[in-house]
Each structure stands twice: as structure tokens, then as C-alpha cells.
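This is what each chain is made of:
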Amino acid sequence: TDCWNRFPTVDVATNFVGMLEKDDNMSPGIAAIKTLLMVLEKTKFDTVQEFHSTIQAAVGAMRKTDKPMTSVVSGTELFSRFITLAKFDDKTMDEVREIMLSRGKMFLEKLLESRNVIAKQAITFISEGCRILTHARSRTVREALILAAQNNKRFHVFVTHSAPDHHGEQMVSELEKAGIDCTLILDTAIGYVMETVDMVLVGAEGVVESGGIINRIGTVTMAICAREMKKPFYALVESFKFCRLYPLNQRDLPNEYKYNQKNLKDTAKVHPMVDYTPPGYITLLFTD
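- Taking an unreviewed UniProt entry as the reference, the protein is identified by name as Translation initiation factor eIF2B subunit alpha belonging to Anopheles gambiae.
- Among the UniProt annotations of the protein, the heading Subcellular location (unreviewed entry) holds the following wording: "Cytoplasm, Cytosol".

Right, here's the structure in full:
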């Protein structure tokens, strides 16, 4: 936009991608919010409308990267709503900017505590000697499991390999470093393992308006299997991942959520990175 070109700005996409590459524990949603705060600090604007245009342009730049988009869209929408809730009628634009920065930093501080809040809720459901199945690598699930282990609970975790990026291997490595017994299983072994576990714990990239979740491909398969075998299916997800979507099926999910940016032009022969799990398959959803 014109306003984006008028002011000295940060390289949004580079900063966003750089944050995620530097800190493997950071969610794309948090990186997006930190990037917007950086834009707010380094960009001057004369009207609130210019501010909105600047933020929209920054979000647009991040959406063109190859990072998962679900939490970027939901997190930046919530961020924009939260920082503009204050009254600006009798304020100068410099004062408005300072208020927005202050509210933005407060918003970020709350979100950075969210995984810890969720972990404390979830560990009450992890009993001594239980067997847990989880999918791929969820940072929120990992934090809950490590906290449970620190509270002297002993349990065993089955982790799916998670093709095609094999994030399950990293999850197993991180859990074993924390002294947690793990088994890495094939994605196709979900049904075989399900009858031996006590619960399923998954994270999510997004929560839609129906209460269903968007998560790593294979999650809905795991949920259907858990429902059939009467195993509780728990989702652990931060509040900034709640998004304004109401999908009725897999096809309703926007393509930018399902595919990498480079594959959007031709999705016919590319498998999706995420799927949609309807709320009927979810026993409980833990959030901050």
C-alpha cells in the first residue's frame, strides 16, 4: 500500500522468518505478533486508518512466506483488535501509538505465559503409569508432559513419526532428554497402538468457531480412531489460535492454511499439511 511505502519500515517477511529460524520453540503466531510490535515501534503514521493499512500490509507480507499460516492469521487479528480497544478520541497520534505499543506488549506478555497455564491444567489428567499417544511435535503438549514428569509422574508416550517432515523424531528426542519414556511409531500404526493407550494428547494450529481444531495432517484420523475405541482425545491450544472460520468439512479449509505458499498454484498433486477435526471427536480442549 501507499502508506507502507511512505514510511521507513522493517523488512517484515525477513524478520518474521528469522525469528522462527532462530527460536525453534516459537509459534508462528507469536513471531507474527512480535513482528507487528516491531513494525509499530519503527513506523510513524498520521491517522488510525494509516495504522490499519500498515498492519494489513505487514500481515500480507508474512502470509506470503512458507510458514504455517493458521496461527499467524488468528494471532494478528486478535492483536489488532486488542490494541485498538482503547479510547483515542482526545489523543494525538504519538499518544495513540504509545497506547497501542503498551497494550501490544501487555498482550504479548499474557500469550507468552499461555503454554505454562495450559500445562498446569493438563497435568491433572495425566495419572501415574498411564500411556499417552501424541501426534508429531506440539510445543504445548511437550511442555505439559515435561511438567508432569517434573511433578514425579511416570508415564509412557507414543509419538507418531509425522511424515513428511518427521517432527515426531524431534519430539521423542526432546522428551527423552527430560527423562520421559517414549516410543516412536509409524503414522499408520495409530490403530494398532490406540487399544493400548489411556488417552490422546494433541496440540493445534488453530481452533475454529465450531470448537473443532486445525492441526497436523493425520490428527482427524487419530481422533476418529480414539472415538471408535472410546479413548479420551484432549487438545491443548493457546488462546491466540482461535480463528474466525467455520469449516463443515476438509474442503472448507482455506488453501493457504493447507498448503505451502509455493504449492498454492497447483494443489492437485500435493498433499495438505493440516486437516480439520470436528468438535464431536474432541473430549476436552485445554486453553489459557
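Next comes the rest of the write-up.
Let's talk about the nonpolar core
- Grouped together as the largest cluster of nonpolar side chains are 41 residues, with contacts concentrated most on Met62, Met100 and Ile214.
- For this core, the secondary-structure elements that each account for two or more residues are helix H2 (12-22), helix H3 (28-42), helix H4 (48-63), helix H5 (70-83), helix H6 (93-112) and strand S8 (274-277).
- Among the elements that line this core, the one with the most residues is H3, at nine residues.
- Each of domain 1 (12-117) and domain 2 (120-286) accounts for three or more of the residues forming this core.

A closer look at the sheet that holds strand S2 (residues 156-160)
- Read across the open sheet, the six strands follow the order S3-S2-S1-S4-S7-S9; overall the sheet is parallel. Across the chains shown, the open sheet's two edge strands, defined by having one partner strand only, are strand S3 (181-185) and strand S9 (284-286). Strand after strand, the sheet turns through a mean of 25 degrees between neighbouring axes, direction not considered.
- Pairing of strand S7 (residues 233-236) with S9 involves three bridges; the strand directions are parallel. Of the residues in S9, the one forming a bridge with Ala235 is Leu285.

Remarks on the packing of aromatic side chains
- All chains considered together, the criterion is met by six aromatic pairs.
- Taken together, a centroid distance of 5.4 Å and an interplanar angle of 65 degrees make the contact between Phe125 and Tyr234 edge-to-face. On the criterion of sequence distance, the pair formed by Phe125 in the loop between helix H7 (114-122) and strand S1 (131-134) and Tyr234 in strand S7 is long-range, its members being 109 residues apart.
- Phe125 sits in the partly exposed class, given a relative accessible area of 34%.
- For the pair Phe125 and Phe286, a centre-to-centre distance of 5.1 Å together with 80 degrees between the ring planes defines the contact as edge-to-face.

Topic: the sheet that holds strand S5 (residues 206-207)
- One open sheet accounts for three strands, arranged S5-S6-S8; its pairing is antiparallel. Every other strand in the sheet has two partners, leaving S5 and S8 as the edge strands with one partner each.
- Summarising the sheet, strand S6 (residues 213-216) and S8 pair through four bridges and their orientation is antiparallel. From the neighbouring strand, Asn215 faces S8, where its bridge partner is Asp275.

Concerning H2
- When we look at burial in H2, the residues that qualify are Val12, Phe16, Met19 and Leu20. Projected down its long axis, H2 shows its buried positions confined to an angular sector of 95 degrees, all on one face. In H2, the exposed positions that point more than 90 degrees away from the buried face belong to Thr14, Glu21 and Lys22.

Some words on the confidence of the model for the protein
- On average, residues of the protein carry a pLDDT of 92, and 97% of them reach 70 or more.
- Contacts from residues 1-9, a stretch scored under 50 in pLDDT, to residues over four places away or in other chains number 21 contacts.

Describing the pairing of S1
- Two elements, S1 and S2, share four bridges in a ladder whose sense is parallel. Each bridged residue has a counterpart across the sheet, and for Leu133 the counterpart in S2 is Phe158.
- Taking the sense of rotation as the criterion, the β-α-β connection linking S1, helix H8 (residues 139-150) and S2 turns out right-handed.
- Here three bridges tie S1 to strand S4 (residues 199-202), and the two strands are oriented parallel to one another. Opposite Ile132, over in S4, you have Met199 as the bridge partner.

Things to note about the domain arrangement of the protein
- Under the domain assignment, the protein is made up of domain 1 (12-117) and domain 2 (120-286).
- Listed as interface residues are 25 residues of domain 1 and, on the opposing side, 23 residues of domain 2.
- When domain 1 packs against domain 2, the two sides together hide about 2200 Å² of surface, and 45% of this comes from carbon and sulfur.
- When the buried surface of domain 1 facing domain 2 is broken down by residue, Asp66, Thr70 and Arg115 rank first, second and third, together holding 30% of it.
- At the surface where domain 1 touches domain 2, the tally comes to three salt bridges.
- Between Arg115 and Glu238 there is a salt bridge whose closest N-O contact spans 3.3 Å.
- At the junction of domain 1 with domain 2, the criterion picks out 17 residue pairs in polar contact (both at pLDDT 80 or more).
- Broken down by secondary-structure element, the contributors of at least two residues to the side of domain 1 that touches domain 2 are H3, H5 and H7.
- For the side of domain 1 that touches domain 2, the leading source of residues is H5, giving eight residues.
- For the side of domain 1 that touches domain 2, the per-class residue count stands at eight nonpolar, 10 polar and seven charged.

Reading the values: the criteria
Residues numbered from 1 in each chain as written. Predicted model: local features only at pLDDT ≥ 70, side-chain atom pairs only at ≥ 80, totals over all residues. Heavy atoms only, no water. UniProt positions renumbered as here; feature names shortened; annotations may be inferred. Core = buried A, V, L, I, M, F, W, Y, C linked by side-chain atoms within 4.5 Å. Buried < 20%, exposed > 50% of the residue type's maximum accessible area, 1.4 Å probe, protein only. Helix = DSSP H or I, 4+ residues; strand = E, 2+ residues; numbered from the N terminus. Domains from an automatic or database assignment. Pairing = 2+ DSSP bridges. Axes fitted to C-alpha atoms, helices over the stretch in contact; angles between N-to-C directions. Phe/Tyr/Trp six-rings, centres within 6.5 Å; stacked < 30°, edge-to-face > 60°. Arc of directions from axis to C-beta. pLDDT = per-residue confidence, 0-100. Contact = heavy atoms within 4.5 Å. Right-handed = clockwise from strand over helix to strand, strands pointing away. Buried area = accessible area lost by both parts, 1.4 Å probe. Salt bridge = Lys/Arg side-chain N within 4 Å of Asp/Glu carboxyl O. Polar contact = N/O pair within 3.5 Å; in protein donor to acceptor, adjacent residues only side chain to side chain. Nonpolar A, V, L, I, M, F, W, Y, C, P; charged D, E, K, R; others polar.

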